[in-house]
Amino acid sequence: MQKPTFDPGLTNQYSGPLRRIINPDGSFNVQRKGTDWRDVDPYLYLVGTPWVQFFVTIFAAYTLVNVIFAAVYFSLGPGALQGRADAADHVARFFECFFFSSQTLTTVGFGALSPRSSAANLIAAVEALTGLLGFAVATGLLFGRVSRPSARIGFSKHAIIAPYQEGVSLQFRMVNRRANTLIEPAVTLMLMTVDRSGPEHRREFKILNLERDKIMLFPLTWTVVHPIDGESPLLGKTARDLEELQAELMVLVKAWDETFAQTVHQRYSYRFSEIVWGRRFTPAFDVDDSGSIEVHVNRISADAEAPLQGLLKNGG
């Protein structure tokens with residue numbers, strides 16, 4: 001019986017050109033097809049979308065609702081609202097209907113305009129209820145975005161192949177870019193390669209052993225180290241080998257956020273082209289005259305040349 005291959009949920013088989021599995025922003029490079037309107041969750045979209053897009057969506061929805069109600073008031077005729085502009089000026093009357101709608105929707109009610117007919121009063125009552133419900137939903141969405149725990153861990157621009165003890169290692173560096181405290185961060189490093197030896201290309205996934213896969217505290221930088229020893233699938237591999245294998249390093253980080261008292265996660269990846277050979281990271285923190293440690297977040301990727309001659313084995 002053939003031993004099943006390890007699949008973390010990203011499938012072993014594929015066809016066509018291969019792109020990176022995890023995008024630089026941590027999202028998966030997967031596009032969903034064949035869904036319908038019932039599969040769309042507006043709440044998930046509005047809570048997860050970027051801030052600018054969130055406010056643009058809220059403003060667009062607010063404007064659209066006012067335009068719809070303004071069109072209803074306008075269709076009721078010049079006598080529907082009291083204090084209107086000249087009935088012959090349709091543009092001015094529509095804008096007055098629009099601003100009356102915005103005042104009713106927000107329950108501001110300046111009093112310059114007021115409904116006169118029964119139909120206008122009924123529409124105004126419906127709009128006031130719509131406004132109360134709509135702003136309650138918008139407030140809930142805003143609270144959901146603000147209160148949602150999330151990590152903002154910075155990763156070095158490149159992973160590096162650097163000297164390590166009497167051999168070499170694969171390394172990358174991380175830093176908490178926010179001022180909050182992360183407790184007991186843990187990292188999992190997985191290597192994805194492509195096996196092209198058979199008639200069908202297959203992805204292979206391997207968990208890489210780390211010098212340490214978790215630490216207790218994370219106030220400084222953390223250099224994650226994978227020793228390239230006899231158990232490493234990178235032993236003997238060159239930069240060209242990794243390119244032919246379409247290698248990608250997938251990083252999964254989880255930590256306990258002390259502020260929100262919840263576990264937070266973040267993902268990142270390095271493709272073969274983002275692995276630099278013969279470098280070493282330089283310190284990203286200093287000690288000032290008073291003895292305090294200063295972490296320079298902008299130096300997370302700082303490195304220097306570190307020759308590998310005589311350290312690589314098996315032609316690596």
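These numbers were taken from a predicted model, which means no experiment stands behind them.

About the criteria used
- Residues numbered from 1 in each chain as written.
- Predicted model: local features only at pLDDT ≥ 70, side-chain atom pairs only at ≥ 80, totals over all residues.
- Heavy atoms only, no water.
- Helix = DSSP H or I, 4+ residues; strand = E, 2+ residues; numbered from the N terminus.
- Rg over C-alpha atoms; globule rule 2.2 N^0.38 Å.
- Buried < 20%, exposed > 50% of the residue type's maximum accessible area, 1.4 Å probe, protein only.
- Areas by Shrake-Rupley, 256 points an atom, 1.4 Å probe, with all protein chains shown as cover.
- Lys, Arg positive; Asp, Glu negative; His and termini not counted.
- Charge placed at Lys NZ, Arg CZ, Asp CG, Glu CD.
- Expected span 1.5 Å × (residues − 1).
- Contact = heavy atoms within 4.5 Å.
- Axes fitted to C-alpha atoms, helices over the stretch in contact; angles between N-to-C directions.
- Parallel < 35°, antiparallel > 145°, perpendicular 65-115°, else oblique.
- Core = buried A, V, L, I, M, F, W, Y, C linked by side-chain atoms within 4.5 Å.

## Side note on the overall build of the chain
The number of helices and strands found in the chain is 5 helices and 15 strands. On C-alpha atoms alone, the chain measures out to a radius of gyration of 29 Å, which is more than a quarter above the 20 Å that the 2.2 N^0.38 rule sets for 316 residues. Taken over 316 residues, the chain has a buried fraction of 35%. Summing over all exposed atoms, the chain offers an accessible surface of approximately 19100 Å²; the carbon and sulfur share of this is 57%. Each charge class in the chain can be summarised by its mean position, and for the 31 positive and 31 negative side chains these summaries are 4 Å apart.

## Some details on helix 2 (residues 51-75)
Here helix 2 spans 36 Å end to end across 25 residues, near enough to the 36 Å set by a 1.5 Å rise per residue. Contact partners of the buried residues in helix 2: helix 1 (42-48), strand 1 (81-82), helix 3 (90-105) and helix 4 (118-147). Looking at the residues trailing helix 2, positive phi occurs at Gly77, about 100°.

## Quick look at the packing of helix 2 against helix 4
Between two packed helices, both the angle of their axes relative to each other and the distance between the axes serve to describe the pair. At a closest axis distance of 11 Å, the pairing of helix 2 and helix 4 adopts a crossing angle of 175°. In terms of axis orientation, helix 2 runs roughly antiparallel to helix 4. Counted together, Trp51, Phe54, Phe55, Tyr62, Asn66, Phe69, Val72 and Tyr73 of helix 2 and Ala120, Ile123, Ala124, Glu127, Thr130, Phe135, Leu141, Leu142, Arg145 and Val146 of helix 4 form the full contact between these two elements.

## Section: the nonpolar core
Ranked by internal contacts, the top residues of the largest apolar core, which has 32 residues, are Phe155, Leu170, Phe172, Met174, Leu249 and Val251. Beyond its immediate stretch of four places on either side in the chain, Leu170 contacts Ala159, Ile160, Ile161, Leu189, Leu208, Val224, Val225, His226, Ile228, Leu234, Leu249 and Ile275.

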